[in-house]
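One-letter residues, chain by chain:
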Amino acid sequence: MKVYRFLTAPDDASFCHKVTLALNKGWELHGSPSYAYNAEAKIMQCGQAVVKDVPGKEYTPDIKLSEQ
């Protein structure tokens, strides 16, 4: 099974830590990061897609992607 996640966080160290944690759990970067202004929160936010192959499992909508 291949799983996909889109990680987001404010433009600060928390975003880098979130992506670093995912990479250390076997996730791989997918595409370029994004950067946008959140007008409601009045902050810049970052986003990064990550993917991971999980052998021996089948996708179901109720799985927790972050735990794969």
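The structure displayed is predicted, hence computed values, not measured ones. (Residues numbered from 1 in each chain as written. Predicted model: local features only at pLDDT ≥ 70, side-chain atom pairs only at ≥ 80, totals over all residues. Heavy atoms only, no water.)

Caption draft 1: Broad picture of the nonpolar core. The biggest cluster of nonpolar side chains holds ten residues, and these are Val3, Leu7, Ala9, Phe15, Val19, Ala22, Trp27, Cys46, Val50 and Val54. Broken down by secondary-structure element, the contributors of at least two residues to this core are β1 (2–10), α1 (13–24) and β3 (43–53). Each residue touching Ala22, except ones within four places of it in the same chain, is listed here: Leu7 and Trp27. (Core = buried A, V, L, I, M, F, W, Y, C linked by side-chain atoms within 4.5 Å. Buried < 20%, exposed > 50% of the residue type's maximum accessible area, 1.4 Å probe, protein only. Helix = DSSP H or I, 4+ residues; strand = E, 2+ residues; numbered from the N terminus. Contact = heavy atoms within 4.5 Å.)

Caption draft 2: Fine view of the environment of Lys2. Tracing the sequence through the fold places Lys2 in strand β1. The class for Lys2 is exposed, based on a relative accessible area of 56%. Distance in space between the C-alpha atoms of Lys2 and Gln68 is 9.9 Å, their sequence separation being 66 residues. In contact with Lys2, not counting residues within four places along its chain, are Val51, Lys52 and Asp53.

Caption draft 3: Local environment of the sheet that holds β1. Pairing is antiparallel across the open sheet formed by three strands, whose spatial order is β1-β3-β2. The open sheet has two edge strands with one neighbour each: β1 and β2 (28–38). For this sheet, the mean angle separating the axes of adjacent strands, direction not counted, is 20 degrees. Direction of pairing for β1 relative to β3: antiparallel, over a ladder of nine bridges. (Pairing = 2+ DSSP bridges. Axes fitted to C-alpha atoms, helices over the stretch in contact; angles between N-to-C directions.)

Caption draft 4: A look at the packing of aromatic side chains. Using the criterion set out here, one finds zero aromatic pairs in the structure. One cation-aromatic arrangement involves Arg5 over Trp27; the distance from NZ or CZ to the ring centre is 5.2 Å. (Phe/Tyr/Trp six-rings, centres within 6.5 Å; stacked < 30°, edge-to-face > 60°. Lys NZ or Arg CZ within 6 Å of the ring centre and 35° of its normal.)

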